[in-house]
Amino acid sequence: MHNFTFLFLFLCVPFIQNAQTLNGKVYDAKGTAKNIKVYNDTQKQLTVTNDEGDFSISATVNDTLLFQSIFYHPKAIVLKDFHFEGIAVFELKEILTELDEVEIKSDIEQPVFTEETYNAELKNFLKEDIKNNPHLYKHTSGNILALLSLVGKLLKKKDKYRTPIYQPITYTQMDSLFEKSSFFNKQLITQNLKIPYDKKNLFYDFCEAKEISSELLKDENKMQLLEELVLNSQLFLILLEQYGEKNVIKN
C-alpha cells in the first residue's frame with residue numbers, strides 16, 4: 001500500500017510542478033477590454049476579464065486559450081514560455097458595427113397620365129406628321145373616317161412592339177361589346193369616354209383601324225381594354241375638333 005501511494009505521488013509530481021497561474025491583460029485598439037471570456041480549452045477552465053482587462057487562469061505551456069466576446073473577433077493563442085514571464089498581453093480586434101456609406105436613390109418617378117398633356121402631344125404629333133407627309137392627307141381632307149383610319153394606322157406603326165398575338169377587335173365585336181356588356185355600356189361611351197352618341201359607330205371604325213388586340217376582350221383584361229379605349233377616345237375627339245363637324249355630317 002505504501003509503495004502504491006509513493007508511485008501515485010511520483011506520477012503526479014510533473015503535473016503539480018507544471019501547473020501555473022497565467023496573469024494576463026486584454027486590450028483593443030482603444031484601451032483595455034472588459035468582460036472578455038478567457039477559456040483554457042486544454043484544461044477546460046474559464047474566467048472573465050475585469051474592468052481593467054485583467055485576468056488570471058490556471059495554465060501551462062502549450063495550453064490553448066480562447067478569447068471570446070460578441071463585440072470582438074474570436075482569438076486562439078497557444079501559450080509559450082514567455083507568456084508566463086510577468087503579465088501576458090493579448091490584443092483583440094473589435095467587430096465594427098458601422099455600415100459602409102450607401103448611396104440611396106429614390107425610385108424613378110413614374111409618368112402620370114393627364115388628359116391635357118396627352119391631347120397636346122397628339123396635336124403636336126399630327127401637325128408634325130402632316131407637315132412631313134402632306135401627300136398622305138391631301139385625299140382625306142373631306143373624309144373624316146379615312147383620316148381617322150390613317151392616323152390610327154400611323155400610331156400603330158409607332159407601337160410595333162405591341163403587335164398583338166390575337167386578331168384585332170372588329171367593328172362588330174366593338175358594337176356587340178357595348179350592347180351586351182354591363183361594364184362597357186352606353187353610359188360609359190357617352191359619359192366617361194365623352195363620345196357623342198351619334199358618333200359612336202364612327203368611333204368603332206376608328207378603334208378597328210387601331211387594331212386593338214382581341215385578347216383584351218377577356219374579362220380579366222377589361223381594365224387594359226378600358227385604358228386603350230380612353231386613349232383612343234381622346235385622339236378621336238381631338239380629330240373631330242381639328243377637322244370640324246361638317247366633314248362628319250357630310251359622311
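Now for a quick tour of the structure. (Residues numbered from 1 in each chain as written. Predicted model: local features only at pLDDT ≥ 70, side-chain atom pairs only at ≥ 80, totals over all residues. Heavy atoms only, no water.)

1. With respect to the environment of Val230
Right, on to step 1. Mapped onto the elements of the fold, Val230 is located in helix H7 (residues 222-250).
Right, on to step 2. The class for Val230 is partly exposed, based on a relative accessible area of 25%.
Right, on to step 3. Sequence separation between Val230 and Ile189 is 41 residues, and the spatial gap between their C-alpha atoms is 9.5 Å. (Helix = DSSP H or I, 4+ residues; strand = E, 2+ residues; numbered from the N terminus. Buried < 20%, exposed > 50% of the residue type's maximum accessible area, 1.4 Å probe, protein only.)

2. Quick notes on the pattern of salt bridges
Right, on to step 1. Under the defined criterion, the tally for this structure stands at 5 salt bridges.
Right, on to step 2. Between Asp54 and Lys25 there is a salt bridge, with the nearest N and O atoms lying 2.7 Å from each other. With Asp54 in strand E4 (residues 54-59) and Lys25 in strand E1 (residues 20-27), this pair connects stretches of sequence that are 29 residues apart. (Salt bridge = Lys/Arg side-chain N within 4 Å of Asp/Glu carboxyl O.)

3. Regarding the sheet that holds strand E6 (residues 72-78)
Right, on to step 1. Pairing is antiparallel in the open sheet, where 4 strands are placed in the order E3-E2-E5-E6. Strands at the two margins of the open sheet, each flanked by one partner only, are strand E3 (45-48) and E6. Recorded for the sheet is a direction-independent mean angle of 15 degrees between the axes of neighbouring strands. (Pairing = 2+ DSSP bridges. Axes fitted to C-alpha atoms, helices over the stretch in contact; angles between N-to-C directions.)

4. Thoughts on the environment of Leu79
Right, on to step 1. Inspection of the secondary structure puts Leu79 in the loop between E6 and strand E7 (88-91).
Right, on to step 2. Setting aside anything within four residues of it in sequence, one finds Leu79 in contact with Leu22, Ala59, Thr60, Val61, Asn62, Asp63, Leu65, Phe84 and Phe90. (Contact = heavy atoms within 4.5 Å.)

5. Quick word on the packing of helix H4 (residues 171-180) against helix H6 (residues 200-210)
Right, on to step 1. The geometry of H4 relative to H6 is characterised by a closest axis approach of 8 Å and an angle of 130 degrees between their N-to-C directions. As far as their axial angle goes, H6 and H4 are oblique. Note on packing geometry: the crossing formed by H4 with H6 is right-handed. Contacts from Tyr171, Met174, Asp175 and Phe178 of H4 reach H6 at Lys200, Asn201, Tyr204, Asp205, Cys207 and Glu208.
Right, on to step 2. Residue composition of the contact of H4 with H6, grouped by class: 5 nonpolar, 1 polar and 4 charged. (Parallel < 35°, antiparallel > 145°, perpendicular 65-115°, else oblique. Left-handed = near helix turned anticlockwise from the far one by under 90°. Nonpolar A, V, L, I, M, F, W, Y, C, P; charged D, E, K, R; others polar.)

6. Observations regarding the sheet that holds E1
By way of backbone hydrogen bonds, the strands of a sheet pair with one another, either parallel or antiparallel.
Right, on to step 1. Strand order in this open sheet of 3 strands is E4-E1-E7, and the pairing throughout is mixed. Each of the sheet's edge strands pairs with one partner strand only, and the pair in question is E4 and E7. Neighbour to neighbour, the strand axes of the sheet diverge by 35 degrees on average, direction disregarded.
Right, on to step 2. Inspection of the sheet shows E1 paired to E7 by 4 bridges, in the parallel sense. What sits directly across from Lys25, in E7, is Val89.

7. Here's the deal with the packing of aromatic side chains
Right, on to step 1. Summed over all chains, the structure comprises 9 aromatic pairs.
Right, on to step 2. On the basis of an interplanar angle of 70 degrees and a centroid distance of 5.4 Å, the ring pair of Phe203 and Phe236 is categorised as edge-to-face. Placement of the pair is Phe203 in helix H6 and Phe236 in helix H7, with a sequence separation of 33 residues.
Right, on to step 3. For Phe203, a relative accessible area of 0% translates into the label buried.
Right, on to step 4. The rings of Tyr171, Phe178, Phe183, Phe184 and Tyr204 are connected pair by pair, giving a single aromatic cluster.
Right, on to step 5. The positively charged end of Lys200 is found above the aromatic ring belonging to Tyr197, 5.1 Å away from the centroid.
Right, on to step 6. Note that Lys222 overlies the ring of Phe183, its terminal NZ or CZ placed 4.8 Å from the centroid. (Phe/Tyr/Trp six-rings, centres within 6.5 Å; stacked < 30°, edge-to-face > 60°. Lys NZ or Arg CZ within 6 Å of the ring centre and 35° of its normal.)

These values are about where atoms sit, not about what they do.
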